[in-house]
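# A structural walkthrough
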Amino acid sequence: MPVRNLLFVSLLIATLLIFPYTFGQFLKVGLLLGEPYAYWISNKLSGIEYDIWRVIGVELNMNVEFYVLPFSVLDVAVVPKLGLDVIAGGIHMTDERKKVFKFTQPYINSGLAIVLRKDIKWDGDIEKITFGVKKGATGERIVQDWVKSGKKIKYLTFVSNEEIVTNLLIKKIDGAFFDYINALYLSKKYDFQIHKDLIYSINIGAVVINSSLEKKLNDAISKLGSNGTIKRILVSYIGAF
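Scope of this entry: the structure provided in the associated data block. Just so we're clear, the structure is a prediction, and the values are computed from it rather than from any experiment. (Residues numbered from 1 in each chain as written. Predicted model: local features only at pLDDT ≥ 70, side-chain atom pairs only at ≥ 80, totals over all residues. Heavy atoms only, no water.)

## Some details on the nonpolar core
Quick reminder of the rule: What we call a nonpolar core is a set of buried Ala, Val, Leu, Ile, Met, Phe, Trp, Tyr and Cys residues that are connected through their side-chain atoms within 4.5 Å. Summary of the burial criterion: residues with accessible area below 20% of their type's maximum are buried, those above 50% are exposed, and those between are partly exposed, where the area comes from a 1.4 Å probe applied to protein chains only. By the criteria applied, helices consist of DSSP H or I runs no shorter than four residues and strands consist of E runs no shorter than two, each listed in order from the N terminus. Here, two residues are considered to be in contact whenever any of their heavy atoms come within 4.5 Å of each other.
Formed by 48 residues in total, the largest nonpolar core has its most connected members in Trp-53, Ile-56 and Tyr-107. With six residues, the single largest contributor to this core is helix 2 (residues 48-60). With residues near it in sequence (within four places) discarded, Tyr-107 still touches Glu-49, Ile-52, Trp-53, Ala-88, Ile-204, Gly-205, Ala-206, Ile-221 and Ile-230. Leu-32, Leu-69, Leu-82 and Val-207 belong to the second-largest nonpolar core, a separate cluster that totals 15 residues.

Structure follows, in structure tokens:
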């Protein structure tokens, strides 16, 4: 889709929510939809990142405007044209992304986990279970690498995490790859289990578009991390970890 059309569609579907305090300056935050970071409950926005950026706004004495956007806008050609200050939503700070985007300091540590149905007893042998992977995501690349290495891997490809969860619930697949924080959320919500070994660990931060705010944002994140506010928000969604 051309950038102009993508921007139009993004703004058309974007929902503007202003944190209800009257401050002097606005902080424009783009939220990428996906549980548990940012999602809808009826007509109300919720999620870990939503709560974190609300308290960052309070800390900075700024009104927060939330723009809900699809993950596809996280593109180096699109991001500068959005007119936002930051983009957040469980964004993994990969080496590849850090080459093209400026990030805040990390405020969540996550990774990639394997989520399994509760009834599955698995010893870690990747040839013994059927995986669900999201098209174009890291999990798909991992299983393809396993196949190239000669492993006999059984997997099905889906277009969304919601489809993967559904197929775990109906027992069409045995396991799937999820962001670790998401995996903890799903294990609490659906009684899934998480394999003890992560595929990898990684930090989560927000993409900074307005570089003039970078220091203020990092100072606020440092304070909210050190006083336990961010940890309390995480625990409210995923339980103790």
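## Points about the layout of surface pockets
As a reminder, the rule being used: Using only the protein atoms, space was sampled on a 1 Å grid; points where a 1.4 Å probe fits but cannot get out form cavities, open sets with protein on both sides within 12 Å along at least five of seven lines form pockets, and lining residues are those with an atom within 4 Å of a point. Grid points are joined across faces, edges and corners, and a volume is the space filled by probe spheres set on the points. Amino acids are sorted into nonpolar (Ala, Val, Leu, Ile, Met, Phe, Trp, Tyr, Cys and Pro), charged (Asp, Glu, Lys and Arg) and polar (every other residue, Gly among them).
Within this model, the largest pocket holds a volume of roughly 1,200 Å³. Lining the largest pocket we find 41 residues, and of these Phe-71, Arg-97, Lys-134, Ala-137 and Asn-161 sit closest to its centre. Elements represented by at least two residues in the lining of the largest pocket include exactly helix 3 (95-100), strand 9 (130-134), helix 4 (138-148), helix 5 (161-169), strand 11 (175-179) and helix 6 (180-190). For the lining of the largest pocket, a count of residues per class yields 19 nonpolar, 13 polar and nine charged.

## Section: unusual backbone geometry
A cis amide bond links Glu-35 with the next residue in sequence, Pro-36, at an omega value of -5°. Tracing the backbone through its elements, the reader meets Pro-36 in the loop between strand 2 (25-32) and strand 3 (39-41). A positive phi angle, near 55°, is found at Ser-42, a position not held by glycine. Tracing the chain through its elements places Ser-42 in the loop between strand 3 and strand 4 (44-46).

## Remarks on the side chain of Asp-51
The test is simple: Charge assignment: positive for Lys and Arg, negative for Asp and Glu; neither His nor the chain ends contribute. Definition used for salt bridges: Asp or Glu carboxyl oxygen within 4 Å of a side-chain nitrogen of Lys or Arg.
Structurally, Asp-51 can be placed in helix 2. Look at Asp-51: it is buried, it has no salt bridge, and the nearest opposite charge is Arg-54 at 4.1 Å. Discounting residues that sit within four places of it in the chain, Asp-51 has contacts with Ile-233 and Tyr-237.

## Points about helix 5
As a reminder, the rule being used: Each C-beta atom gives one direction from the helix axis, and the arc is the one those directions make.
Every buried residue of helix 5 is accounted for by Ile-164, Val-165, Asn-167 and Leu-168. Take helix 5 and look down its axis: the buried residues cluster within an arc of 165°, on one side only. In this fold, the buried residues of helix 5 make contact with strand 8 (108-116), strand 9, strand 10 (154-158), strand 11 and helix 6.

## Some details on the environment of Thr-157
Structurally, Thr-157 is set in strand 10. Separated by 17 residues in the primary sequence, Thr-157 and Glu-140 place their C-alpha atoms 7.7 Å from one another. Look past the residues within four positions of Thr-157 in its chain and what remains in contact with it is Val-133, Lys-135 and Glu-140.

## Considering the pattern of salt bridges
Applying the stated rule across the entire model yields ten salt bridges. A salt bridge links Lys-102 to Glu-214; its shortest N-O distance comes to 3.6 Å. Remark: Glu-214 occurs in helix 7 (residues 214-226) and Lys-102 occurs in strand 7 (residues 102-103); sequence separation between them is 112 residues. The exposure class of Glu-214 is partly exposed, given its relative accessible area of 23%. Between Asp-197 and Lys-196 there is a salt bridge, and its shortest N-O distance comes to 3.0 Å. Relative accessible area serves as the criterion here: at 69%, Lys-196 is assigned to the exposed category. Overlapping salt bridges, with partners in common, bring together Arg-117, Asp-119, Lys-171 and Asp-174 in one network.

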